[in-house]
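Residue-level listing of the chains:
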Amino acid sequence: MMTIAMYPGSFDPVTNGHVDIIQRAAAIFDKVIVAVAVNSKKKPLFNEEERMELLRQSVRHISNVSVVKSEGLTVDFARKHDAKVLVRGLRAVSDFENEMQISGINRHLEPGIETIFITADSAYNFLSSSIVKEAASFRADISKLVPPPVQEAIKQKF
């Protein structure tokens, strides 16, 4: 039986840290669905279609990964796509508290879906989409922080 995992997030923009988590999840699971969500609490730099395209370009070398638009509750979306596992990346202890709350409510809503945490590679512990956007707004070199297609797209935005 194929094990399908889903990695949800806003990915605005996708970073090398995200790609690292996706690659590592793809080595564990038969299929990984990267679910691009709209986070109403955030003001996006890239619209949903742009984020999906940047993700597709950034993970095209990983054969068992697909990128889709996410709508509604994460667990409902996972169930609809037969995903039994939600993948979440952890950079630091500060991420853990929030992620534990989210995994708790997800488990309450859908006991058949597990959440696993993959810790960030130490090279990316500091990295977030917000940090990338801020650095880019000051014309800093972000070439080691994001995949090349993202770097080019960010240059166009700033």
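Residues numbered from 1 in each chain as written. Predicted model: local features only at pLDDT ≥ 70, side-chain atom pairs only at ≥ 80, totals over all residues. Heavy atoms only, no water.

- The chain appears in an unreviewed UniProt entry as Phosphopantetheine adenylyltransferase from Terribacillus saccharophilus.
- Listed in UniProt under the heading Cofactor (unreviewed entry), the comment for the chain reads: "Mg(2+)".
- Annotation of the chain in UniProt includes, under Catalytic activity (unreviewed entry), the sentence "(R)-4'-phosphopantetheine + ATP + H(+) = 3'-dephospho-CoA + diphosphate". (UniProt positions renumbered as here; feature names shortened; annotations may be inferred.)

Some words on the overall build of the chain
Turning to step 1, where the next piece is worked out: Broken down by element type, the chain carries 6 helices and 5 strands.
Turning to step 2, where the next piece is worked out: Secondary structure elements in the chain, listed N-terminal to C-terminal, are β-α-β-α-β-α-β-α-β-α-α.
Turning to step 3, where the next piece is worked out: At 15 Å, the chain has a C-alpha radius of gyration in line with the 15 Å of a compact globule built from 158 residues.
Turning to step 4, where the next piece is worked out: C-alpha atoms of the chain, sized along the principal axes, occupy 45 × 30 × 30 Å.
Turning to step 5, where the next piece is worked out: Evaluated residue by residue, the chain yields a buried proportion of 44% over its 158 residues.
Turning to step 6, where the next piece is worked out: Sequence-distant contacts, at least 24 apart, represent 75% of the contacts inside the chain between residues at least 6 apart.
Turning to step 7, where the next piece is worked out: A total accessible area of about 8,800 Å² is found for the chain, and carbon and sulfur atoms account for 53% of it.
Turning to step 8, where the next piece is worked out: If you average the places of the 20 positive and of the 19 negative side-chain charges in the chain, the two averages end up 3 Å apart. (Helix = DSSP H or I, 4+ residues; strand = E, 2+ residues; numbered from the N terminus. Rg over C-alpha atoms; globule rule 2.2 N^0.38 Å. Buried < 20%, exposed > 50% of the residue type's maximum accessible area, 1.4 Å probe, protein only. Contact = heavy atoms within 4.5 Å. Areas by Shrake-Rupley, 256 points an atom, 1.4 Å probe, with all protein chains shown as cover. Lys, Arg positive; Asp, Glu negative; His and termini not counted. Charge placed at Lys NZ, Arg CZ, Asp CG, Glu CD.)

Brief notes about the packing of aromatic side chains
Turning to step 1, where the next piece is worked out: Overall, the coordinates contain 2 aromatic pairs when judged by the stated rule.
Turning to step 2, where the next piece is worked out: The interplanar angle of 75° and the centroid separation of 5.3 Å between the aromatic rings of Tyr7 and Phe11 together place this pair among those described as edge-to-face. The two residues Tyr7 and Phe11 agree in class, both being buried. (Phe/Tyr/Trp six-rings, centres within 6.5 Å; stacked < 30°, edge-to-face > 60°.)

Let's talk about helix α2 (residues 48-59)
Turning to step 1, where the next piece is worked out: Here α2 contains 12 residues, and its C-alpha end-to-end distance of 17 Å stays within 8% of the 16 Å for a straight helix at 1.5 Å per residue.
Turning to step 2, where the next piece is worked out: Those residues of α2 that sit buried are Glu48, Arg51, Met52, Leu54, Leu55, Ser58 and Val59. Angular distribution of buried residues about the axis of α2 spans 165°; they occupy a single face of the element.
Turning to step 3, where the next piece is worked out: Measuring from the side-chain oxygen of the N-cap residue of α2 to the backbone nitrogen of Glu49 gives 3.0 Å; that N-cap residue is Asn47. (Expected span 1.5 Å × (residues − 1). Arc of directions from axis to C-beta. Polar contact = N/O pair within 3.5 Å; in protein donor to acceptor, adjacent residues only side chain to side chain.)

Overview of the UniProt feature "binding site: substrate" (unreviewed entry) in the chain
Turning to step 1, where the next piece is worked out: According to UniProt, the "binding site: substrate" (unreviewed entry) feature falls on Ser10, Lys42, Thr74 and Arg88.
Turning to step 2, where the next piece is worked out: Following the sequence through the fold, Thr74 ends up in helix α3 (residues 74-80).
Turning to step 3, where the next piece is worked out: By relative accessible area, which is 26% here, Thr74 ends up partly exposed.
Turning to step 4, where the next piece is worked out: Filtering out sequence-adjacent residues up to four positions away, Thr74 remains in contact with Met6, Pro8 and Leu86.
Turning to step 5, where the next piece is worked out: Examined against the element boundaries, Arg88 turns out to sit in strand β4 (residues 85-90).

Looking at the sheet that holds β4
Turning to step 1, where the next piece is worked out: Spatially, β3-β2-β1-β4-β5 is the arrangement adopted by the 5 strands of the open sheet, whose pairing is parallel. Each edge of the sheet is formed by a strand with only one pairing partner; in this case those strands are β3 (65-69) and β5 (114-119). Strand-to-strand twist in this sheet, taken as the mean axis angle between neighbours without regard to direction, amounts to 30°.
Turning to step 2, where the next piece is worked out: Two strands pair when backbone bridges link them, and β4 and β5 are joined in this way by 6 bridges, in the parallel orientation. Each residue of the ladder has a partner; that of Gly89, found in β5, is Ile118. (Pairing = 2+ DSSP bridges. Axes fitted to C-alpha atoms, helices over the stretch in contact; angles between N-to-C directions.)

What about helix α1 (residues 16-28)?
Turning to step 1, where the next piece is worked out: For α1, spanning 13 residues, the distance from its first C-alpha to its last is 19 Å, which sits close to the expected 18 Å at 1.5 Å a residue.
Turning to step 2, where the next piece is worked out: Along α1, the residues classified as buried are Asn16, Gly17, His18, Val19, Asp20, Ile21, Ile22, Ala25 and Ala26.
Turning to step 3, where the next piece is worked out: A distance of 3.2 Å separates the backbone nitrogen of Gly17 from a side-chain oxygen at the start of α1, and that oxygen is part of Thr15.

Quick notes on the pairing of β4
Turning to step 1, where the next piece is worked out: With 5 of its 6 residues buried, β4 lies for the most part within the structure.
Turning to step 2, where the next piece is worked out: Pairing geometry for strand β1 (residues 4-9) and β4, over 2 bridges, is parallel. In the sheet register, Met6 faces β4, and the bridge partner there is Leu86.
Turning to step 3, where the next piece is worked out: Once you follow β4 into helix α4 (residues 93-109) and on to β5, the crossover reads as right-handed. (Right-handed = clockwise from strand over helix to strand, strands pointing away.)

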